[in-house]
There are 2 protein chains.
Amino acid sequence: MASMSAVLSKSPFLSQPLSKSPSSDLPFSAATVSFPSKSHRRGGVIRAGLISPDGGKLVELVVAEPRRREKKHEAGELPRVELTAIDVQWMHVLSEGWASPLGGFMRESEFLQTLHFNSLRLDDGSVVNMSVPIVLAIDDEQKASIGESKRVALVGSDGNPVAILSDIEIYKHPKEERIARTWGTTAPGLPYVEEAITNAGNWLIGGDLEVLEPVKYNDGLDRFRLSPAELRKELEKRGADAVFAFQLRNPVHNGHALLMTDTRRRLLEMGYKNPILLLHPLGGYTKADDVPLSWRMKQHEKVLEDGVLDPETTVVSIFPSPMHYAGPTEVQWHAKARINAGANFYIVGRDPAGMGHPVEKRDLYDADHGKKVLSMAPGLERLNILPFRVAAYDKTQGKMAFFDPSRPQDFLFISGTKMRTLAKNKENPPDGFMCPGGWQVLVDYYDSLTPAGKLPVPA
Amino acid sequence: MASMSAVLSKSPFLSQPLSKSPSSDLPFSAATVSFPSKSHRRGGVIRAGLISPDGGKLVELVVAEPRRREKKHEAGELPRVELTAIDVQWMHVLSEGWASPLGGFMRESEFLQTLHFNSLRLDDGSVVNMSVPIVLAIDDEQKASIGESKRVALVGSDGNPVAILSDIEIYKHPKEERIARTWGTTAPGLPYVEEAITNAGNWLIGGDLEVLEPVKYNDGLDRFRLSPAELRKELEKRGADAVFAFQLRNPVHNGHALLMTDTRRRLLEMGYKNPILLLHPLGGYTKADDVPLSWRMKQHEKVLEDGVLDPETTVVSIFPSPMHYAGPTEVQWHAKARINAGANFYIVGRDPAGMGHPVEKRDLYDADHGKKVLSMAPGLERLNILPFRVAAYDKTQGKMAFFDPSRPQDFLFISGTKMRTLAKNKENPPDGFMCPGGWQVLVDYYDSLTPAGKLPVPA
């Protein structure tokens, strides 16, 4: 990633430290974070200030520096629960408040509300969205080792405590029901299920989380992992009066760029003075045939160098959540988490967080259900949902353009599968589909998968 | 059922016509139905007047007498959709407003909200509970025959139109997803699924419902099928200031009676002056090994004749809904429908609407999830949930009593399976478990199933 630092000053990637990033002269301060939410409602008057986090206050669960030593000592004395890589990603998500107001791995009442209602009712009677269970599984042996303790230490793969879970509650892990209600199917072959549920323990442990150090992955990408608090600070510095989030787990092509540019234009037309794009690739677990994060970040860098998106009005950051591929259920999580990072507009595409049915020859979800469910979801009333306009390659213009149904014969749809097949075979897509530098990253990635001397084959 | 009419005047079964039923001198009127809901909130001040229906107004979809002729004529001209017996039961449910404010079979937006959120958001932003899809399936052929028509006639088994569905919307029937999200499993062997979904059409048709005549079954039990409006009238006549509903799909034993009597006592202690019990057996589809409605009604009659429940403070009526056996999802429907009938207290037991897992050797649902989910369900905040106290046979007293955990050895738990086995074998349960007349009905029922000359065997 050494080459990336060279472009930082002129790119939308956030410069380090935060104070060096582009800022406006508008007098934003941290106080605007808790601006009353009513002013952000659909159809309301346009006002300055970021959307308030769910529950009114951003949850931050990393122990403050002065108390870390003491907490680490405490953790050393507690029963231990070992975390998987995905558990650590969820701990990261929780620790930075992406799931605000959730203060730790779910207890049973939160788990049940998530499964049945995709939302949590707070003490004041208000409702926040919460569609994906954020839970920690333990097995019989771990449960026995915890005994009557009300606290446990969460332990990383190196055996060192990374967090404390307090006032714990241990309850049954109803795997089949969790899967059925989250995915709407129990068919074998759901990637997250096979990775993180099928072989997980039969118990779930919930409680209040305290994380001993900020979570780092030491993969060269940590500087792109901005917390919601850091993103809010950056967005305020830039004087954003509208923030539109774009969730991403694939390479960016010029159709995406067109969409994002067009969204900004529409927001300006609506009267916003300074809409900022949060280009927010997902950084946690993805399935084996998705392009890995490090390659995607290289690809995004090349695309951004190409200048299709304006660095002054774009923030690129990594969203640390693992991917469920749970369609309409998961897209709510993707949207809700971005509210906590300050976004009040969310771009939703066709079949968000969807995939093929693992057993049947069809898509798992109806392509329109994601945006429909999102638009009706409890707790997301404050968020403006922007449905994706379909972009395709316009052969008459030789570039990506919004699909015009009056002349379908002029458009070429390049699916993810088609794109992967071309890149694997080192073929080029039509000119104007993706900048050559970005395309080369994909070719290099698939090349890295091919054993030397073996001919690449179509997917 | 001829013998039942003899007991009507002194029994809690509603006398016909309504004006002959027991009434109090309290000046209740229909106007109190729409009493502001806030006065009924948990912990609120006790006030007279029934809880208001969901959405503020009870939906009634039966065409008024003067317009029936005209509507029947219209129906004759429309494309036809044939109804199954279960479809008719749901049409009945809708027509009387048990699902208020739902005005017909669900369109896709209602279906999706039901599946994902167990609730519907109304135009004014308020939320009502709706946990079970009330949908009408059609097949490809029926869809083709409807063509571009915006209205269809719904047709009974005799080929005559029974209703009109207007402003229709036809959308895909995602069976697997519907099953997974409603039951939390897709295991084969779910009774309602096998009866009403697996072989149903691949499309759902929603719209505004107009039913041409009040739904009747002509099975001798129609007079016990009071609509929510009729129940409200009866409850107001009796001067109810609290209404506690007891959903039932099994024979009543003295443990139930104890519970209901005790609930009334507790409500009186809370300051209510005239709590009325709505004893409300489910009358729609039930699985093959449940005791059929006609036998249950005979059994209830005998139990009530026995005088365990006070006729002056009890209303017995049939709830026309089919049974899903969908546990925590379905219990919300059972509770919500009773709000519409005027109940502001709901008694919930262990594992409500539950059953054994169809494939695995365990209960399908955690026995406590039903009451937990019910207590957190969106749109049910106005309803007071009364958890079932466990009653068992106290051998020291020779009668049903609340279980005392300090002396478990004194109690005998008589499960439904145990009860069925005893009745099938014409054995008697312990004295004081159920009145002899009620027990004899069960013995007679199982006897009616046994081919003559064949010895009964344990279940």
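Residues numbered from 1 in each chain as written. Chains lettered and ligands numbered in written order. Predicted model: local features only at pLDDT ≥ 70, side-chain atom pairs only at ≥ 80, totals over all residues. Heavy atoms only, no water.

An unreviewed UniProt entry annotates chain A as sulfate adenylyltransferase originating from Brassica campestris. The record held by UniProt for chain A lists under Sequence similarities (unreviewed entry) the comment "Belongs to the sulfate adenylyltransferase family." Turning to chain A, the UniProt record has this under Subunit (unreviewed entry): "Homotetramer." (UniProt positions renumbered as here; feature names shortened; annotations may be inferred.)

Student: Please set out the packing of aromatic side chains residue by residue, giving values where relevant.
Tutor: All names here are of chain A. This model, assessed by the stated rule, comprises 24 aromatic pairs over all chains. Their ring planes at 70° and their centres at 5.2 Å tell us that W98 and F319 sit as a pair that is edge-to-face. Highlighted residues: W98 in the loop between α3 (85-95) and α4 (108-117) and F319 in the loop between β10 (314-316) and α11 (327-340), separated in sequence by 221 residues. Here the two residues W98 and F319 agree in accessibility, since each one is buried. An aromatic cluster is defined as three or more aromatic residues linked by ring pairs; in this entry it consists of W90, W98, F319 and W333. Across from the ring centre of F402, 4.1 Å away, lies the NZ or CZ of R389, which sits over that ring. (Phe/Tyr/Trp six-rings, centres within 6.5 Å; stacked < 30°, edge-to-face > 60°. Helix = DSSP H or I, 4+ residues; strand = E, 2+ residues; numbered from the N terminus. Buried < 20%, exposed > 50% of the residue type's maximum accessible area, 1.4 Å probe, protein only. Lys NZ or Arg CZ within 6 Å of the ring centre and 35° of its normal.)

Student: An account of the relation of the copies chain A and chain B is needed here, citing residue identities and associated values.
Tutor: Mapping chain A onto chain B leaves a residual RMSD of 0.0 Å; the transformation is a rotation of 180° accompanied by 0.0 Å of translation along its axis. What the rotation and shift describe, once combined, is the action of a two-fold rotation axis. Most of the interface of chain A is mirrored in chain B, where 100% of its interface residues are also at the interface. (Least-squares fit on C-alpha atoms with pLDDT ≥ 70 in both. Contact = heavy atoms within 4.5 Å.)

Student: Which residues make up the domain arrangement of chain A, and what are the values?
Tutor: Residues and elements named next belong to chain A. Domain annotation of chain A identifies domain 1 (65-211) and domain 2 (222-449). Distance from the C-alpha centre of domain 1 to the C-alpha centre of domain 2: 29 Å. Tallying the contact residues gives 32 residues for domain 1 and 35 residues for domain 2. Together, the buried faces of domain 1 and domain 2 total about 2700 Å²; carbon and sulfur atoms form 67% of this surface. Taken as a group, W98, N129 and W183 account for 30% of the area that domain 1 buries against domain 2, more than any other trio of residues on that side. Linking domain 1 to domain 2 there are 0 salt bridges. One can count 15 residue pairs in polar contact (both at pLDDT 80 or more) joining domain 1 with domain 2. (Domains from an automatic or database assignment. Buried area = accessible area lost by both parts, 1.4 Å probe. Salt bridge = Lys/Arg side-chain N within 4 Å of Asp/Glu carboxyl O. Polar contact = N/O pair within 3.5 Å; in protein donor to acceptor, adjacent residues only side chain to side chain.)

Student: Can you lay out the UniProt feature "domain: ATP-sulfurylase PUA-like" (unreviewed entry) in chain A for me, pointing to particular residues and giving the numbers?
Tutor: When the UniProt feature table is mapped onto this chain, "domain: ATP-sulfurylase PUA-like" (unreviewed entry) is found at residues 51-213 of chain A. The span residues 51-213 of chain A is 34% helical and 23% strand by assignment, and the distance between its end C-alpha atoms comes to 28 Å.

Student: Which residues make up the UniProt feature "domain: Sulphate adenylyltransferase catalytic" (unreviewed entry) in chain A, and what are the values?
Tutor: Taking the numbering used here, the UniProt-annotated feature "domain: Sulphate adenylyltransferase catalytic" (unreviewed entry) corresponds to residues 223-444 of chain A. Note that residues 223-444 of chain A is 36% helix and 16% strand, and that its end C-alpha atoms are spaced 24 Å apart.

Student: Pulling in residues and values, what's your account of helix α6 (residues 175-183) of chain A?
Tutor: Counting buried residues in α6 of chain A gives 8 out of 9 residues, a clear majority hidden from the surface. Turning to α6 of chain A, its buried residues number three or more, namely K175, E177, R178, I179, A180, R181, T182 and W183 of chain A. Tucked inside the fold, the buried residues of α6 of chain A contact α4, α7 (191-196) and α11 of chain A together with α6 (175-183), α11 (327-340) and α12 (369-376) of chain B. Looking one or two places after α6 of chain A, you find G184 of chain A, whose phi comes out positive at around 70°.

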